Every structure is written in structure tokens, then in C-alpha cells.
Amino acid sequence: MAFAQRLQEIRTGFERAFWVANFTELFERLAYYGASAVLAIYLSEQLHFSKELTGWMMGTFGFVVWFLPVLGGALADRFGFRRALMFAYLVMTVGYFLLGSLSAAWMQTTRQALGDKWLVLGILMIPALGPAVVKPCVAGTTARASKENVRSMGYSIYYTIVNIGGTLGPIMAWMVRKQLGWGIENVFRVSALSVFLMFWVTLVFFREPTRSGEEKVASVAVALKNMFVALSNFRFVLFLVIFSSFYIVFWQEFISAPLFLRGYVDPNANADLILSVDALAVICFQLLVTYLTRKIPAFPAMTLGLVISSLSWLILALYPTTIGLIVALVVLALGEMTQSARYYDYISRLAPPGQQGLYMGCAFLPIAIGYFIAGPLGGYLLHYFGDVLHQPQRMWWVVTGVGLMGAVLMLIYDKIFKPGESKVGAEAT
């Protein structure tokens, strides 16, 4: 297909809601990844939480962020994407603002009464509710507001935009924290401002996408029933559980890698800025990787991505340096690019009419499970290999092993259940 023809398809294949939703997702991701880039450092170095507690706190926060899209997607199918997005952006505004206000005088009485551990955990649960709604809404909008011939490209665009936000977020955190000298807490306040502005963009510009022949979910009860029906599909849920191994490997980037770098390599390293490398690599190479892997069926492409990302951490095991981490993040991104757009397209095509929000919400379950395990695992490995054995680089062999075991389970799943590639296969060229 000629480039000009493909460009014309892109121009005419998406409704306005697609572009508005993805624009707001850009700034939501900037806010999320900006906060995430400094959260482990903030908990460990400023609040003086132990490595294990920091890992547990990060894992719990990430689990809520990525588990609740199952419920958020079901409710978005009922109430509509526009109202759900507006609600989410207001909730995140409050949560990030409170997280950035822990040192304020008006918070001291609450800190003394509850203690930092439970207060911080409670506050983290507030902004965690926002992405739970935003993610299935934007992914569902991409499904509803994209014509069939450009839907796979739509998810590549969506994923690229997500990673633009993922790149700008850590850069924003570094600029606010170090270049401007405002400190980590103001990173959270800038995140709050970012999502508050997206509330107004959604209010003014977003219009609900629809597909002919689709009916709105009749009630909250029906939405919840649909959720349980989807989660009662054993083969579907088993696939989601197995694929969570990818995210056990992936989330070490934000959980243990910053603490490993500043604790055992360079205490003055700009870990937040370095974390922009992964997303920047995705921006540069996502469309190229999508093109090069277009003939690989979806399921093998996802398995290959898991293997590549798992092996990336061996670079840091063999070369525990700042440069080693940067190279590892680039390889991690290559695995991420190989599987991610194909994964979302795979899930979207399983969704019955009118349930795109629900099924795209279910698509985030592996991310939630992965985060929940990755947090405590990363904290334990840092403590055991770093503080006890004084060989911190050995922890990355364990992380790699977890990912490769997941890839083996993916191959077994493929042999037993033989997912229907005729229905969910590679994009035709």
C-alpha cells in the first residue's frame, strides 16, 4: 500500500473522539509516569521506608491502578466514556495534590495520627482510581472510533502517544526536582495540574463515540454481570494470568531499578531522567517494529516480546553501571514494542459488541497482577542480594528467570488451547 494511501486511511479512519481521548491520555501518562519516576525514591529516601515496604507500597499502588480498569471499563460501558473520563481526571487531581502536600502544615496532624505508612497508602489509593477509568475509556474509544482497516494502526498510535507521555513524565520530574530545584513533592503537584487541565479538555471537546447496532449497557447491574461473565471464561483468564509474567519483569524498571541505581551504582544518579529511555525508544521505533513484526501471528509476537524483555535485565546483571541500565531499558523497550500493540488488538477483537470498555479493562489485569508481584519481589531481591549477600547485581538473574518461565507457560498454553489466529491474527498487508 502506498504511503499516501495509508495516510489518507489514517486521516479518514478515525473519529474526532479518537484524537481527543488520546490527547488527554498523553497528559494523563505524563502525570502518572512523572509521579512514578520519583515515587520509589520519595518513599525510600525522603520518607525513609525500608526497601521491602517501598516495594510493597509500590506494588499495592500499581495493583489498584491496573486492576480496577476491569470494574472501570464495565462502568464506563454503562455511563459513557465522556462522563467517566471527567470523573477520573478530577479524582487524579485530588490524589496527586494530596501526595504533593504531605509536608504541608495542614497535613501534620493527620500524619501524626495515622503515621506515614497508612496515610501515604491511603493517599496513593486516590490517584490510583483515575487510571482505572481512563485506560479502558481511551482504549475503548480507540476501538469504537476506529474503522476496521485502521484499528491495528490505531492501537499503535495510541501506544506511541502513551509513550510520549511516558517520556515527558520522567523528564518533567527531573526538571521540577533538580533543574528548577522545587523538590519531589512539586512533581506530584505538577501531575495534579496536568490532569486537571484534561478535565476541561474532555468537557469541551470530547463527544461519545458510537457504533451502529451497539446498545448502551442497560444498568450498573448488567455491567457488573458482564464483568463476571468475562472473568468466568477460564481460557481467557488463564491467558491473562500467564501473561502477567511480562509485567513482573517490566515493572522492575520503576520499582527496583531506581533504588538499585542510586543504592549500589551511583547515589547521585538522575534515575527519574534515565527512566525516560524506555518510552523514548518506543516513540522512535514502535511503528518500525510493528512493520517488521507484522507477519508474525499475534500470540507468537507476544511470547517473543516477553523473551526479549526478560533477557534485557541480564545486561544490568553483567554490567551493573548507569550505561548498563540505559542499554537494558532500550532492550526492554524492544520487547515491549514487539508485544504491546498486538496484545491490545488481540484483546479488542475478543470483545462482544458494546463491551469494548469491559474487555479492554480486562486487558489490564496482567499489568495489575504483575505490579502486585513485582513490588514485593523487587523489594525482597534488593534487600536479600544487596543488603544481605552484598551482590545486588545477582537479583537480575532471578528477574530474568521469572520472565523466561512465563514464556515457557505461554508456549504450553499455545499448544494446549491453540488460540484462534484466524480470528486474532497478524494484520493483513
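As the structure is a computational prediction, the values presented were derived from the model and not from experiment.

Calculation criteria
- Note on numbering: residues in each chain are counted from 1, in written sequence order.
- Per-residue local features are limited, in this predicted model, to residues with pLDDT of at least 70; the limit for side-chain atom pairs, both in listing and counting, is 80 or more; totals at the level of whole chains, interfaces and linings are taken over all residues.
- Just so you know, side-chain values use all the structure's heavy atoms and leave hydrogens and water out.
- A helix here means a DSSP run of H or I that spans at least four residues, while a strand means a run of E at least two residues long, and both kinds are numbered starting from the N terminus.
- For a helix, the expected span equals 1.5 Å multiplied by the number of residues minus one.
- Only protein chains enter the accessibility calculation, which uses a 1.4 Å probe; a residue is then buried when its area is under 20% of its type maximum, exposed when over 50%, and partly exposed in between.
- Salt bridge, as applied in this entry: a Lys or Arg side-chain nitrogen positioned within 4 Å of an Asp or Glu carboxyl oxygen.
- Computed over the protein atoms alone on a 1 Å grid, cavities are sets of points where a 1.4 Å probe fits but cannot get out and pockets are open sets with protein on both sides within 12 Å along at least five of seven lines; a residue lines them when it has an atom within 4 Å of a point.
- Grid points are joined across faces, edges and corners, and a volume is the space filled by probe spheres set on the points.
- Three classes are used: nonpolar for Ala, Val, Leu, Ile, Met, Phe, Trp, Tyr, Cys and Pro, charged for Asp, Glu, Lys and Arg, and polar for all others, with Gly counted as polar.
- Confidence of the predictor in every single residue is expressed as pLDDT, which spans 0 to 100.
- A contact between two residues is defined here by any heavy atoms of the two lying within 4.5 Å.
- Pairs of N or O atoms within 3.5 Å make up the polar contacts considered here, provided that, within protein, one atom can donate a hydrogen while the other can accept it, and that residues adjacent in sequence are counted only when both atoms are side-chain atoms.
- Side-chain rings of Phe, Tyr and Trp (the six-membered ring for Trp) are treated as a pair once their centres are within 6.5 Å; stacked means planes under 30 degrees apart, edge-to-face means over 60, and tilted covers the remaining angles.

1. Considerations on helix α3 (residues 51-67)
For α3, with 17 residues, the first-to-last C-alpha span of 24 Å sits near the 24 Å given by 1.5 Å per residue. The buried count for α3 comes to 12 of 17 residues, which makes it a mostly enclosed element. Every buried residue of α3 is listed here: Leu-53, Thr-54, Gly-55, Met-57, Met-58, Gly-59, Thr-60, Phe-61, Gly-62, Val-64, Val-65 and Trp-66.

2. Structural notes on the pattern of salt bridges
Scanning the model with the defined rule gives 5 salt bridges in all. The salt bridge involving Arg-29 is made with Glu-28; its shortest N-O contact spans 2.7 Å. Assessed through its relative accessible area of 0%, Arg-29 is described here as buried. Residue classification places Glu-28 among the buried residues on the basis of a relative accessible area of 0%. For the salt bridge of Glu-45 with Arg-262, the shortest nitrogen-to-oxygen distance reads 2.8 Å.

3. Some points on empty space enclosed by the protein
Taken as a whole and judged by the stated rule, the model has 3 cavities of 30 Å³ or more. In terms of lining residues, the largest cavity is bounded by 23 residues, among which Tyr-33, Tyr-159, Val-162, Phe-250 and Glu-336 are the most central. Going through the elements one at a time, α2 (16-46), α8 (151-179), α11 (234-250), α14 (276-292) and α16 (322-348) are the ones with two or more residues in the lining of the largest cavity. Looking at the lining of the largest cavity, its residues break down into 14 nonpolar, 4 polar and 5 charged.

4. Concerning the confidence of the model for the chain
When pLDDT is averaged across the chain, the result is 85; 86% of the residues are at 70 or more. For residues 420-429, every residue scores under 50 in pLDDT, and the model assigns this stretch 23 contacts once sequence neighbours within four places are set aside.

5. Regarding the side chain of Thr-202
Mapped onto the secondary structure, Thr-202 falls in helix α9 (residues 184-205). Under the relative-accessibility criterion, Thr-202 is labelled buried at 1%. Side-chain polar atoms of Thr-202 contact the backbone oxygen of Met-198, separated by 2.9 Å. Contact partners of Thr-202, with chain neighbours within four places excluded, come to Thr-24, Arg-82, Leu-85, Met-86 and Tyr-89.

6. Brief notes about the packing of aromatic side chains
Going through the model one piece at a time under the given rule, you end up with 35 aromatic pairs. When the ring of Phe-239 is compared with that of Tyr-343, the centres are 6.1 Å apart and the planes differ by 40°; the resulting orientation is tilted. With Phe-239 in helix α11 and Tyr-343 in helix α16, this residue pair connects regions lying 104 residues apart in the sequence. Tyr-343 sits in the buried class, given a relative accessible area of 0%.

7. Description of unusual backbone geometry
Backbone geometry follows two general trends: most residues other than glycine have a negative phi, and most peptide bonds adopt the trans configuration. With a phi angle near 60°, His-48 is a residue other than glycine that sits in the positive phi range. For His-48, a relative accessible area of 64% gives the class exposed. You will see that His-390, though not glycine, has its phi angle at about 60°, which is positive. Given the relative accessible area of 60%, His-390 is considered exposed.

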